[in-house]
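# Commentary on secondary and tertiary structure
The lines below spell out each chain.
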Amino acid sequence: MVAAPNVNDPAFLENPFPFYELGRAMSPLVLPDRGLAMVFGYDDCAAILKDWETWSSRFPPPPDVTDPPEPTMLNSDPPRHTRLRSLVSQAFTPRMVEQLEPRIREITRELLEPALEAGACDLVAALAYPLPVIVIAEILGIPPEDRAQFKEWSDEVVASLGTGLGGGRQVRAEVFEEMREYFTRMTEERRRHPRNDLITGLVEAEQDGERLTFPDLLQMLILLLVAGNETTTNLISNAMLSFMEHRDELAKVEANPALIPSALEEVLRFNSPVQATARRPTRDVELRGRTIPAGMVTLVWLAAANRDPAQFPEPLRFDVTRSPNRHLAFGMGIHFCLGAPLARLEARVAYEELLGRATGFERTTDGPLPRVPTFFMRGVLELPIAFRRR
Ligand code: HEM
């Protein structure tokens, strides 16, 4: 019997991979006393993500919550999911996102300049954190002076997700109220003065009547702000950590920057920013001779699937040229990450600029780095490094 991980244990957050390996050998784990099942193998994880009719993304709010927020697309099944997703999907197509490249490069250069000047920085604070926040804020149409506020909100929402399985605790009432007031003001302003931004697009969908209620609109804005920020931050910092731990692989990328996209796919596989997601079966499901009862919260360990030797030859080798590399880091099926093209673009530009302008990357502190304190995310809170300007 394998004990469920102690998700608050820093040692687990540092290295959850032995647990995943054990889990894969015994998958699925069904833990009735914890009301929890876990799935680890690539094929099973992929099959669950593809079968939304059996594996629902809806989670009832915890019993102590009296006024639960509207579920977002992430926590809805069709047809509600289809309707919500279709309202914003156009803004995130690869073609739409490509147009942002020059602006993303400009922001990246501005952020990197002081670090290059100093020859050192905390990569999280200097680049990995601010880049995605600034980009999504610009897409939505949020004024620069309000950006600092987002870190607080984003941290609060992420913390609320990580403490409970499935339901999670509620975002603190006062923080939710702040966000509600802020976006109410924002949307009222757009009703009076439409602009060419995503908030205006959503307000127009709301005015359309049936498509989007105000609470739905609010939840959508919160989802877009939060889903994309911490995850992309973690991709950018996990990439630097992976490169510094695999010098030969970094040397290949430095010699041939065309490898940056495939190197980033390998980072997504090897150090997945989102380690797990959850589903609940709508009926009793038989999986490898075990029954997962209807309604049981089931953790789908994307990060374990991403190191499954049945799918990835030599899964423990960090290989920047790996092909094919059909990792599950962005999920699969109808909930496949809406922001994947944007996250890939931001990370690519970040590394084109970083590797193009600096070399000789070294950590400037020893020992384990402080980690994002939730088991379903993998990332560090700080990454102090030094380098030489090219
Ligand atoms: C969904 C990962 C960046 C917005 C997902 C899912 C994963 C994921 C695994 C599927 C969850 C599930 O099936 O339960 C990531 C990673 C990112 C990233 C690893 C960065 C490296 C972004 C960005 C945005 C975004 C930049 C938005 C600007 C969303 C949304 C969904 C989603 C809206 C829900 C889609 C749906 O339910 O149909 N993401 N994400 N993500 N992601 Fe991302």
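Summarised in this report is the structure supplied together with it. Since we're looking at a predicted model, the values are computed, not measured. (Residues numbered from 1 in each chain as written. Predicted model: local features only at pLDDT ≥ 70, side-chain atom pairs only at ≥ 80, totals over all residues. Heavy atoms only, no water.)

In this section: the overall build of the protein chain. Summing up its helical and strand segments, the protein chain has 16 helices and ten strands in all. Reported as C-alpha extents along the three principal axes, the dimensions of the protein chain are approximately 60 × 55 × 35 Å. Working note: accessible area of the protein chain is about 17,600 Å², and carbon and sulfur atoms make up 53% of it. For the protein chain, the centre of its 43 positive side-chain charges and the centre of its 55 negative side-chain charges are spaced 4 Å apart. (Helix = DSSP H or I, 4+ residues; strand = E, 2+ residues; numbered from the N terminus. Areas by Shrake-Rupley, 256 points an atom, 1.4 Å probe, with all protein chains shown as cover. Lys, Arg positive; Asp, Glu negative; His and termini not counted. Charge placed at Lys NZ, Arg CZ, Asp CG, Glu CD.)

This paragraph deals with the site of the ligand. In the vicinity of the ligand, 27 residues are found, and the nearest of them are His-81, Arg-85, Thr-277, His-335 and Cys-337. Arg-85 is positioned with one of its side-chain polar atoms (N or O) 2.7 Å from an oxygen atom of the ligand. Of all elements in the fold, only α4 (80-89), α12 (214-245), β5 (277-281) and α16 (340-357) reach the threshold of two or more residues within the shell around the ligand. The element that contributes the greatest number of residues to the shell around the ligand is α12, accounting for six residues. For the shell around the ligand, the class distribution of residues is 17 nonpolar, eight polar and two charged. (Near = heavy atom within 4 Å. Polar contact = N/O pair within 3.5 Å; in protein donor to acceptor, adjacent residues only side chain to side chain. Nonpolar A, V, L, I, M, F, W, Y, C, P; charged D, E, K, R; others polar.)

With that settled, the discussion passes to the environment of Pro-94. Mapped onto the elements, Pro-94 comes out in helix α5 (residues 94-98). Note: C-alpha distance between Pro-94 and Leu-342 (248 residues apart in sequence) is 7.6 Å.

Right, let's get into the nonpolar core. One recurring pattern in soluble globular proteins is that nonpolar side chains are buried together. Among the nonpolar cores identified, the biggest contains 90 residues, and Tyr-351, Phe-361 and Leu-383 are the most heavily contacted of them. The greatest single-element share of this core, amounting to 16 residues, is contributed by α12. Phe-19, Met-38, Ala-276 and Ala-278 belong to the second largest nonpolar core, which has 22 residues in total. (Core = buried A, V, L, I, M, F, W, Y, C linked by side-chain atoms within 4.5 Å. Buried < 20%, exposed > 50% of the residue type's maximum accessible area, 1.4 Å probe, protein only.)

A few words on the coordination of the iron atom of the ligand. The textbook angles at a metal center are 109.5 degrees for a tetrahedron of four donors and 90 or 180 degrees for an octahedron of six. Within the protein, a single donor atom binds the iron atom of the ligand, namely Cys-337 (SG) at 2.3 Å. Within the secondary structure, Cys-337 sits in the loop between α15 (302-305) and α16. (Donors = N, O, S within 2.8 Å, 3.2 Å for Na, K, Ca; no water.)

Taking 1.5 Å of rise per residue, 32 residues should cover 46 Å, and α12 covers 47 Å from first to last C-alpha, within 8% of that figure. Within α12, 27 of the 32 residues are buried, which leaves it mostly tucked inside the rest of the structure. (Expected span 1.5 Å × (residues − 1).)

Glancing now at the packing of aromatic side chains. Enumeration according to the criterion identifies 18 aromatic pairs in this entry. Between Trp-153 and Phe-183, the aromatic rings sit 6.2 Å apart at their centres with planes inclined by 50°, giving tilted as the arrangement. With Trp-153 in helix α9 (residues 147-162) and Phe-183 in helix α10 (residues 173-192), this pair connects stretches of sequence that are 30 residues apart. Taken together, the aromatic side chains of Phe-12, Phe-17, Phe-19, Tyr-20, Phe-40, Trp-301, Phe-375 and Phe-376 make up a single cluster linked through ring pairs. We note Arg-307 situated over the ring of Phe-17; from NZ or CZ to the ring centre the distance is 3.4 Å. It is Arg-307 that lies over the ring of Phe-270; its NZ or CZ is 4.0 Å from the centre. (Phe/Tyr/Trp six-rings, centres within 6.5 Å; stacked < 30°, edge-to-face > 60°. Lys NZ or Arg CZ within 6 Å of the ring centre and 35° of its normal.)

Turning to helix α2 (residues 17-26), its buried residues number three or more, namely Phe-17, Phe-19, Tyr-20, Gly-23 and Arg-24. Buried residues along α2 cover an arc of 150° about the axis, so they all sit on one side. Buried-residue contacts for α2 involve α1 (10-14), β2 (36-39), α14 (260-270) and α15. (Arc of directions from axis to C-beta. Contact = heavy atoms within 4.5 Å.)

Within a sheet, neighbouring strands are paired by backbone hydrogen bonds and run either parallel or antiparallel to one another. The five strands are arranged β1-β2-β8-β5-β3 in an open sheet whose pairing can be described as mixed. Only two strands of the sheet have a single neighbouring strand rather than two, namely β1 (29-31) and β3 (55-56). (Pairing = 2+ DSSP bridges.)

Before going further, it helps to examine the side chain of Ser-237. Of note, Ser-237 is situated in helix α12. Among the residues examined, Ser-237 registers a relative accessible area of 0% and is labelled buried. When sequence neighbours within four positions are dropped, the list of residues in contact with Ser-237 reads Val-124, Ala-128, Val-380 and Leu-383.

Time to look at the packing of helix α8 (residues 130-140) against α12. Where α8 meets α12, the axes come as close as 8 Å, and the angle between the chain directions of the two elements is 150°. Here α12 runs roughly antiparallel to α8, going by the angle between their axes. You can see that α8 and α12 cross each other, and the crossing is right-handed. Only Leu-221, Leu-224, Leu-225, Gly-228, Asn-229, Thr-232, Thr-233 and Ile-236 of α12 make contact with α8, whose side of the interface consists of Leu-131, Pro-132, Val-133, Ile-136 and Leu-140. Of the residues that constitute the contact of α8 with α12, the class distribution is nine nonpolar, four polar and no charged. (Axes fitted to C-alpha atoms, helices over the stretch in contact; angles between N-to-C directions. Parallel < 35°, antiparallel > 145°, perpendicular 65-115°, else oblique. Left-handed = near helix turned anticlockwise from the far one by under 90°.)

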